[in-house]
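# Residue-level structure breakdown
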There are 2 protein chains.
Amino acid sequence: MAVVQTSIASDRDLYPSRTYPEPVKFSRQDPVVYSDPQKAAPLTKAQLAEYEEKGFLFLDDIFGPEELSSLISEMKSMCLDEAIKRRPETITEKGSGEVRSVFSVHQLNKVFAKVAEDPRLVAVAEYILGDSVYIHQSRLNCKPGFKGKEFYWHSDFETWHAEDGMPRMRALSMSITLTPNDHNNGPLLLIPGSHKSFISCVGETPKDHYLSSLKQQEFGIPDKSSVADLIEQGGIETAVGDIGRIILFDCNTLHGSNGNITPYPRSNLFFVYNALSNKVSQPFASDSIRPEFIGARHSIKPIKSVIFN
Amino acid sequence: MAVVQTSIASDRDLYPSRTYPEPVKFSRQDPVVYSDPQKAAPLTKAQLAEYEEKGFLFLDDIFGPEELSSLISEMKSMCLDEAIKRRPETITEKGSGEVRSVFSVHQLNKVFAKVAEDPRLVAVAEYILGDSVYIHQSRLNCKPGFKGKEFYWHSDFETWHAEDGMPRMRALSMSITLTPNDHNNGPLLLIPGSHKSFISCVGETPKDHYLSSLKQQEFGIPDKSSVADLIEQGGIETAVGDIGRIILFDCNTLHGSNGNITPYPRSNLFFVYNALSNKVSQPFASDSIRPEFIGARHSIKPIKSVIFN
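Here we summarise the structure given alongside this text. (Residues numbered from 1 in each chain as written. Chains lettered and ligands numbered in written order. Predicted model: local features only at pLDDT ≥ 70, side-chain atom pairs only at ≥ 80, totals over all residues. Heavy atoms only, no water.)

### Regarding the overall build of chain A
A tally of helices and strands in chain A yields 9 helices and 14 strands. The C-alpha radius of gyration computed for chain A amounts to 18 Å, which stays within 12% of the reference 19 Å derived for 309 residues, consistent with globular compactness. Seen through its C-alpha atoms, chain A measures out along the principal axes to roughly 50 × 50 × 40 Å. Each of the 309 residues in chain A was classed as buried or not, and the buried ones make up 58%. Here chain A displays about 12800 Å² of accessible surface, and carbon together with sulfur accounts for 52% of that area. A gap of 4 Å separates the mean positions of the 33 positive and 39 negative side-chain charges of chain A. (Helix = DSSP H or I, 4+ residues; strand = E, 2+ residues; numbered from the N terminus. Rg over C-alpha atoms; globule rule 2.2 N^0.38 Å. Buried < 20%, exposed > 50% of the residue type's maximum accessible area, 1.4 Å probe, protein only. Areas by Shrake-Rupley, 256 points an atom, 1.4 Å probe, with all protein chains shown as cover. Lys, Arg positive; Asp, Glu negative; His and termini not counted. Charge placed at Lys NZ, Arg CZ, Asp CG, Glu CD.)

This is the structure in structure tokens:
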């Protein structure tokens, strides 16, 4: 059972993790939506309220059919590209050698670079984060069918804070689905309201943890009791939907997915937008620095702003 | 791609598996419903037609609330019983040592023994199989939440034939659900119509395969291409439903389940009824005999018939 602690943990680290011998639950110390609600917004008031309350929002019909076709064809060729298979940014399946994920796709692929800077997406990220933004991480997930493994519940922010040095909860993810998600092919599961607490995880970060954590995370995972409590309160929402749906979620929303034994792959394009004022510093709970393609550090480049000057 | 072969394979073995260098698809050589359709039946004509066509059927409202309470309380105490934990019939979770499954529960537990012989269940099994029946295997699945592993697509008959020597497709399973099944806690997935084909699997059975296959099956699994074809034709049906639902399925219906990262366990009571005329002989594709608690051989005891004399 996690100890509940609502005060600020220390001057230096608002969200300590991987330091205490047992789980501790902190209240979130940061806003969820940063912009002034009176300001003209790229989302409706209802959408913003839903995002603030649940920690995520589904956006449909952002991309037209032609745009989606182009993204899908780009995804397919990249997932099969032999040169891509050999790159350090690429994670392959053990055994088959098939591409599972490619990191930093906004730098490796012109079409995906353009999507990352698409004003429709950037305006949403900027409004919610109340700042200019940059890409902290991008990823294309190819996830072939039949053997998709489960991914246990986690907060991305916990890892970005502990291992990348992201100071505050002022980042969000957009997952653009490129295959239909139904209940059986391992859709994203999200815990509504979980973004309002920070679960401090137990266990020190091993050196070069990223080498194993991208396949199966073993550190930075919240304890069962805290997860059960959050699900008891908020339930579980399943991101089933058509191709093109964007799953927009706060950096601290707990999410995970079950495996996928169906023949249907589950592919998506994934961008993490971070506020420019929330740039990473030294990792809060790790001695090593993850590679640039997993968390931008030296190559931080603000995206041309749609809202901010 | 499986070779399609519709004729009978050999005089001795109608369903050869684990013998050819590549997958072969055979047509089913046996009926699905054995009794004369003119005879009074414990199921409606529509139910029987559905079972025959899809290879499975969901039965609700067989047990009343009090019966279910008693089954659930028996399940809970058995899953936590320290003496049960140490028995050879019990499979525990690696690490936590929690009980995952207990075999032969119709012999270990009086309440479950009574359910196995309940005339409401026996009448259905006898009618479909057109014969007196006995329990080939019984199992209580405790399946704790959070870490339920996936179970890949398989035909139970393939294993019972290859490893236990069950000659024909004249057996069926009843899974009595003792926890609610929703889309997220790893419900049973079934492929409608898959029972009409027999997929001959590739790979010889290793010695004492059962020791590992109960945790993760590696032999006797159908090839991806055949599974994809069957799903293309029949789709996937998900056994979501309330406590007490009985999932009745033919011995050759392909089924599997994704993992379960939710806190919700997925428990059920599982009985395999085999026709008395279909008793096991020597395994068709294995040098070793599985233990009695996994497949009845010496202790075969017909259940007192409801329909047959």
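### Observations concerning the pattern of salt bridges
All names here are of chain A. Throughout the structure, instances matching the rule amount to 32 salt bridges over all chains. Residue Asp250 is joined to Arg28 by a salt bridge in which the shortest nitrogen-to-oxygen separation is 2.9 Å. Separated by 222 residues along the polypeptide, Asp250 in strand β12 (residues 246–250) and Arg28 in the loop between β2 (24–27) and α1 (45–54) bring together distant segments of the chain. Overall, Asp250 belongs to the buried group, its relative accessible area being 1%. Asp60 is the salt-bridge partner of Arg245, the closest N and O atoms lying 3.0 Å from each other. (Salt bridge = Lys/Arg side-chain N within 4 Å of Asp/Glu carboxyl O.)

### Brief notes about the sheet that holds strand β7 (residues 151–154) of chain A
All names here are of chain A. An order of β7-β13-β9-β11 is seen for the 4 strands of this open sheet, with the pairing classed as antiparallel. In this open sheet, the two strands that pair with only one neighbour each are β7 and β11 (237–238). Pairing analysis gives 2 bridges linking strand β9 (residues 189–190) to strand β13 (residues 255–257), with the strands arranged antiparallel. Bridge pairing in β13 places Leu190 opposite His255. (Pairing = 2+ DSSP bridges.)

### Considerations on the relation of the copies chain B and chain A
In screw terms, the move from chain B to chain A is a rotation of 180° and a rise of 0.0 Å along the axis, fitting with an RMSD of 0.0 Å. In short, the pair behaves as if placed about a two-fold rotation axis. Of the interface residues in chain B, 100% have counterparts in chain A that sit at the interface too, so the contact is made through matching surfaces. (Least-squares fit on C-alpha atoms with pLDDT ≥ 70 in both. Contact = heavy atoms within 4.5 Å.)

Purely geometric numbers; function is a separate question.
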